[in-house]
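Each chain is listed here by its residues.
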Amino acid sequence: MAILLGAIADDFTGATDLANTLVSQGMRTVQTIGVPQTDLDLGDAEAVVVALKSRTAPVTEAVSASLEALDWLRHLGARQFFFKYCSTFDSTPAGNIGPIADALLDALDDDFALVCPAFPANGRSVYLGHLFVGNQLLSDSSMKDHPLTPMRDSSLPRLLQAQSKRRAGVIPYPTVTTGAEATRTACDKLRAAGISYGVADALTDVDLLTLGAAAANHKLVTGGSGIALGLPANFRHQGRLDEPVNPKLPTATGPAMVIAGSCSEATRGQVDHVRDLWPCLKLDVDRLANGEPVADEAVAWARDQSRATPLMIYSSANPDEIARVQATHGREAAGTLVEEALGWIAHDLVDGGWRRLIVAGGETSGAVVSALGVRGLRIGPEIDPGVPWTETLDTPHLALALKSGNFGAEDFFSRALEMLP
Ligand code: ADP
C-alpha cells in the first residue's frame, strides 16, 4: 500500500518528535534510520519519516542524502513531502536548511513551500517572520552560543535567503489568524511574485492547524514538528486516511533492560528512582578509559541476573564527576568510549535474549540503535511527552524506548515497562 506522507528529518530525535506528532494525529508512522539499503517491510505505515544526520554535515552530503531519501519516499508513493528541521532553525550561513529545501523543490519540480519552525508547546513561536524562544528573540537566546550552529539573527527570511538561491517572504500573523483560505491566498500571491518560501507566523497550535490546512495541496511543507499537526486531517478530508487509530504497543516479550548514558538531571532522577528496585550496574569510566574489559564484565554481570526483573546498566553521573572524568580523559574521548561501551553491551544482551530496552540519552540512543543495526521503527503510544514506545521492524522485534536526556517523569523507566503486555 502506498504511503501518504514522506518526511525527511535532519536528525534522529527530530525524526522521532515528528513521528510522534503524526501518531498523535492518528497516522500509522514508521521511522527509518537513513534510507534502508535493502527491502524493509513497512507494514501498514501511512507516514514514513527518514531520520538523517544532515543538520551539520557538509552541504553536498546533506543535500545528496536528502535527495536519496526523497527518491525512496516517492518510490513508496508518498503524496506529500515534509522537510523537518529544528524548531530553533539550527543552521549556518552555509546551510543546511536552505540548500536542502532548494534541492527538494527542484527535484519535485515545484516553486513554493511553507517555512515554519514554530513549536508553541516548547516556547518556539514565529511573529512577523522572527523566531522567538520563550520570551526572547532567537538571537538573544542561548542558541546564540551553540557550539555548531550559533544563531545570531532571528529573521527567518534573512537566515533562509543567506543559505538559499530562492527568495523568502512572510505570511504575517493577521493573515494566519484570518484562516486557512486567507493563508492559501497569501501563499499563492507569494508564489505568483516568484517568492519560493512563505515564512509563516504561528503563536499557538491553532495557528499551526491553520497552516497545515492551508498546505493541503502543497507538494512540500517545511518546518518543525508543529506544522505537521494539521497534515493528517487533510488526508482524512480527502478520504485517504481512516479515522484516527490508537497506536499499537510493541508486542515483543522477553527480558527488559535500561541503558542510561545521559547525565541530564531528569535521567539522573530516573536512575536514582530504580536504583534500589532493580539490579543495577554503574560503568567505571576510568577503568574503561584504561582499556579494562568493563563492557564484557557488564554483559557477564547481566547474564547472571534473573531475567524476570528488569536490570539497568548506566554511566550517568553528576556534573562534578563528569567534570573530573572529562578533565582526566578528555570530553570527546570519554563520551565516545561510554557510547561505544553501552552500544556494545546492548548488542550483546540482545544476542543473549533481551527484547525490551529503554535507552536514556540522545547520543546514547544513536549509539545503541547503530550497534543493534536497527533500520526502522514502528512508532507506538507515547510514554511521556515526546517519548513513544517503538518496535523495530526487523526481527527479532525489539521494544525500544529512546529517551532524550531531559525528557520523562521520575518514574519513567518503571511506568514505561508497565505499559507493555
Ligand atoms: P543527553 O540526551 O542527556 O544529552 P546523551 O546520550 O546525548 O544524553 O549525551 C551524554 C553524553 O555523555 C554521551 O556522549 C555519553 O557517552 C557521555 N557520558 C555518559 N556518562 C559519562 C560519564 N560518566 N563520564 C563522561 N561522559 C559520560
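Below you will find a few notes about this structure.

Cut-offs applied
Each chain carries its own residue numbering, running from 1 in the direction its sequence is written. Only residues with pLDDT of 70 or above have their local features reported here, since the model is predicted, and side-chain atom pairs are shown and tallied only from 80 upward, although totals for entire chains, interfaces and linings are computed over all residues. Side-chain numbers come from the whole structure's heavy atoms, not from hydrogens or water. Counting from the N terminus, the helices are the DSSP runs of H or I reaching at least four residues and the strands are the DSSP runs of E reaching at least two. Atoms counted for the radius of gyration: C-alpha only. Globule rule: 2.2 Å times the number of residues to the power 0.38. Throughout, a contact is declared for two residues whenever any of their heavy atoms are within 4.5 Å. Each accessible area value is a Shrake-Rupley result obtained with a 1.4 Å probe; residue values ignore everything except the protein chains displayed when judging cover. Positive charges come from Lys and Arg, negative ones from Asp and Glu, while His and the chain ends are left out of the count. Charge coordinates come from a single atom per side chain, which is NZ of Lys, CZ of Arg, CG of Asp or CD of Glu. A pocket, in this scheme, is an open set of points on a 1 Å grid over the protein atoms alone with protein on both sides within 12 Å along at least 5 of 7 lines, while a cavity is a set where a 1.4 Å probe fits but cannot get out; residues line either one if an atom lies within 4 Å of a point. Grid points are joined across faces, edges and corners, and a volume is the space filled by probe spheres set on the points. Note that Gly is not counted as nonpolar here; it falls among the polar residues with everything else outside the nonpolar set of Ala, Val, Leu, Ile, Met, Phe, Trp, Tyr, Cys and Pro and the charged set of Asp, Glu, Lys and Arg. As annotated, the domain borders come from an automatic or database domain assignment. We define a salt bridge as a side-chain nitrogen of Lys or Arg found within 4 Å of a carboxyl oxygen belonging to Asp or Glu. Only protein chains enter the accessibility calculation, which uses a 1.4 Å probe; a residue is then buried when its area is under 20% of its type maximum, exposed when over 50%, and partly exposed in between. Definition used in this section: a nonpolar core is a set of buried Ala, Val, Leu, Ile, Met, Phe, Trp, Tyr and Cys residues joined via side-chain atoms within 4.5 Å. Proximity is defined per residue: any heavy atom of the residue falling within 4 Å of a molecule or strand makes that residue near it. Any pair of N or O atoms that falls within 3.5 Å is considered a polar contact. Within protein, one atom must be able to donate a hydrogen and the other to accept it, and sequence-neighbouring residues count only if both atoms are side-chain atoms. When DSSP locates at least two bridges between a pair of strands, those strands are taken to pair. To pair, rings of Phe, Tyr and Trp, with the six-membered ring standing in for Trp, must have centres within 6.5 Å; the planes then decide the type, stacked if under 30 degrees apart, edge-to-face if over 60, and tilted in the middle.

Looking only at helices and strands, one finds 15 helices and 18 strands in the protein. Relative to the globule expectation of 22 Å for 421 residues, the C-alpha radius of gyration of the protein, 22 Å, shows essentially globular dimensions. Its C-alpha atoms give the protein principal-axis dimensions of roughly 70 × 45 × 35 Å. When contacts within the protein are restricted to residue pairs at least 6 apart in sequence, long-range pairs at least 24 apart make up 74% of them. For the protein, the computed accessible surface area is about 17,200 Å², with 51% contributed by carbon and sulfur atoms. Each charge class in the protein can be summarised by its mean position, and for the 34 positive and 50 negative side chains these summaries are 4 Å apart.

For the rest of this paragraph, the subject is the layout of surface pockets. Counted as a void, the second largest pocket has a volume near 370 Å³. In this structure, the second largest pocket is lined by 22 residues; those nearest its centre are Arg28, Asp44, Lys248, Arg378 and Ile379. Mapped onto the lining of the second largest pocket, the elements with two or more residues apiece are strand E2 (29-33), strand E16 (376-384) and strand E17 (387-392). Grouping the amino acids of the lining of the second largest pocket by side-chain chemistry returns 10 nonpolar, six polar and six charged. For the lining of the second largest pocket, the two domains that each supply at least three residues are domain 1 (5-237) and domain 2 (256-419).

What follows deals with the pattern of salt bridges. Taken as a whole and assessed by the stated rule, the structure comprises 22 salt bridges. A salt bridge links Asp106 to Lys165, with the nearest nitrogen and oxygen atoms 2.7 Å apart. Placement of the pair is Asp106 in helix H3 (residues 97-107) and Lys165 in the loop between helix H4 (156-163) and strand E9 (168-171), with a sequence separation of 59 residues. For Asp106, a relative accessible area of 41% gives the class partly exposed. The salt bridge partner of Lys282 is Glu321, with a shortest N-O separation of 3.0 Å. Here Lys282 is found in strand E13 (residues 280-282), whereas its partner Glu321 is found in helix H12 (residues 319-329), with 39 residues between them in sequence. Taking relative accessible area as the criterion, Lys282 reaches 33% and is therefore assigned partly exposed. Residue classification places Glu321 among the partly exposed positions, given a relative accessible area of 29%. What emerges from the salt-bridge pattern is a single network uniting Asp10, Asp11, Arg55 and Asp90.

Attention now moves to the nonpolar core. Within the largest apolar cluster, 117 residues are counted, with the highest numbers of intra-cluster contacts made by Phe89, Ile313 and Ile345. Sorting elements by how many residues they give to this core places helix H13 (residues 331-351) first, with eight residues. Lining this core are residues from two domains, each supplying at least three of them: domain 1 (5-237) and domain 2 (256-419). Excluding residues within four positions of it along the chain, Phe89 makes contact with Ile97, Val115, Pro117, Leu131, Met151, Leu156, Leu159, Leu160 and Gln163. In terms of nonpolar packing, the next biggest core, distinct from the first, is built from 21 residues, Val258, Ala360, Ala401 and Leu420 among them.

The ligand sits among 17 residues. The nearest are Ser262, Ser264, Glu339, Glu363 and Thr364. The side chain of Ser262 places a nitrogen or oxygen atom 2.7 Å from an oxygen atom of the ligand. Taking 570 Å² as the accessible area of the ligand by itself, protein coverage stands at 83%. Every element with two or more residues in the shell around the ligand is listed here: H12, H13 and helix H14 (362-372). Residue composition of the shell around the ligand, grouped by class: six nonpolar, nine polar and two charged.

As summarised here, the arrangement of the three strands in space is E6-E7-E8, forming an open sheet in which the pairing is antiparallel. Two strands bound the open sheet, and with one partner strand each, they are strand E6 (124-127) and strand E8 (136-137). Taken together, the two bridges between strand E7 (residues 130-133) and E8 define a ladder with antiparallel strand orientation. Note that in E8 the partner of Phe132 across the bridge is Leu137.

In the structure shown here, the tally under the stated rule is four aromatic pairs. Between Phe412 and Phe413, the ring centres sit 6.2 Å apart and the planes meet at 80°, which makes this aromatic pair edge-to-face. By relative accessible area, Phe412 is classed as buried at 0%. Note on Phe413: relative accessible area 0%, which makes it buried. Put simply, the rings of Phe83, Tyr85 and Phe89 touch in pairs and so form one group of aromatic residues.

Mapping Thr267 onto the fold places it in helix H9 (residues 265-275). When residues no more than four places from it in sequence are discounted, the contact partners of Thr267 are Ala260, Ser262, Ser316, Ala360, Lys403 and Gly405.

Moving on: unusual backbone geometry. In this chain, Gly95 is followed by Asn96 through a cis amide linkage whose omega measures 15°. Note that the residue after Thr395, namely Pro396, is joined by a cis bond; omega there is -5°. Within the secondary structure, Pro396 is located in the loop between E17 and strand E18 (399-403). Backbone geometry places Leu128, a non-glycine residue, at a positive phi of 50°. Tracing the backbone shows Leu128 in the loop between E6 and E7.

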